[in-house]
Amino acid sequence: MDEKILNELYKETLKAYKRNEIPVGAIIIKEDKVIAKAHNNRQNNHNILGHAEIQAIIKAEKKIKDWRLNGYTMLVNLEPCELCQRVIKESRIDKICYILKSKNNAKIIANLEQTNVCEDWQKKFQQLMDNFFSNLRKK
């Protein structure tokens, strides 16, 4: 995975973290070009659809003026939840790569795969998750 794209994903994830959202970021790419990116904003926007994956899909659809995202790839730092997997499936994204595995997640889409990134990137994303949930428990 391209370092530049991983850095963009980390920046999106960090935006969610800094806004006290579960630190999840998503990027949609085609031919190594970033088409759309988003982060969780569910709490701040009071919107159940504020998942990073769904927001990235909405942005990509507006940009290309089509709801069909055939030929696109999504990169997300955490394995998508069941809701997001269904939306991803409906959007027709070809491939979904995630970095961190989530707990107790259904596998609805066949093109969902954990991507191999260097251990440093995995640690950076895991550290954000650990810090977020640790801070949440302290409250």
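Structure shown above.
First, a word on scope: everything that follows refers to the structure included in this document. (Residues numbered from 1 in each chain as written. Predicted model: local features only at pLDDT ≥ 70, side-chain atom pairs only at ≥ 80, totals over all residues. Heavy atoms only, no water.)

Turning to the pairing of strand β1 (residues 25-30), a few remarks are in order. Here β1 lies mainly inside the structure; five of its six residues are buried. Of the pairings in the sheet, the one linking β1 to strand β2 (residues 33-39) comprises six bridges and is antiparallel in character. In the strand pairing of β2, I29 is matched with V34. Hairpin remark: β1 followed by β2, antiparallel, with two residues in the connecting loop; positive phi at E31, about 55°. (Buried < 20%, exposed > 50% of the residue type's maximum accessible area, 1.4 Å probe, protein only. Helix = DSSP H or I, 4+ residues; strand = E, 2+ residues; numbered from the N terminus. Pairing = 2+ DSSP bridges.)

What follows covers the packing of aromatic side chains. Under the criterion given, the structure shown has four aromatic pairs. Look at Y10 and W121: their rings are 6.3 Å apart centre to centre, the planes differ by 65°, and that puts the pair in the edge-to-face class. With a gap of 111 residues between them, Y10 in helix α1 (residues 3-18) and W121 in helix α5 (residues 119-138) connect regions that are remote in the sequence. Across the pair, exposure class does not vary: Y10 and W121 are buried alike. A ring pair is formed by Y10 and F125, whose centres lie 5.5 Å apart and whose planes are at 70°; its orientation type is edge-to-face. Of the two residues, Y10 sits in helix α1 while F125 sits in helix α5, which places them 115 residues apart along the sequence. Classification of F125 as buried rests on a relative accessible area of 0%. Ring pairs connect the aromatic residues Y10, W121 and F125, which therefore count as one cluster. Between K124 and the ring centre of W121, over which it is positioned, the NZ or CZ distance is 4.4 Å. (Phe/Tyr/Trp six-rings, centres within 6.5 Å; stacked < 30°, edge-to-face > 60°. Lys NZ or Arg CZ within 6 Å of the ring centre and 35° of its normal.)

Functional significance is not addressed by these values, which are geometric in nature.
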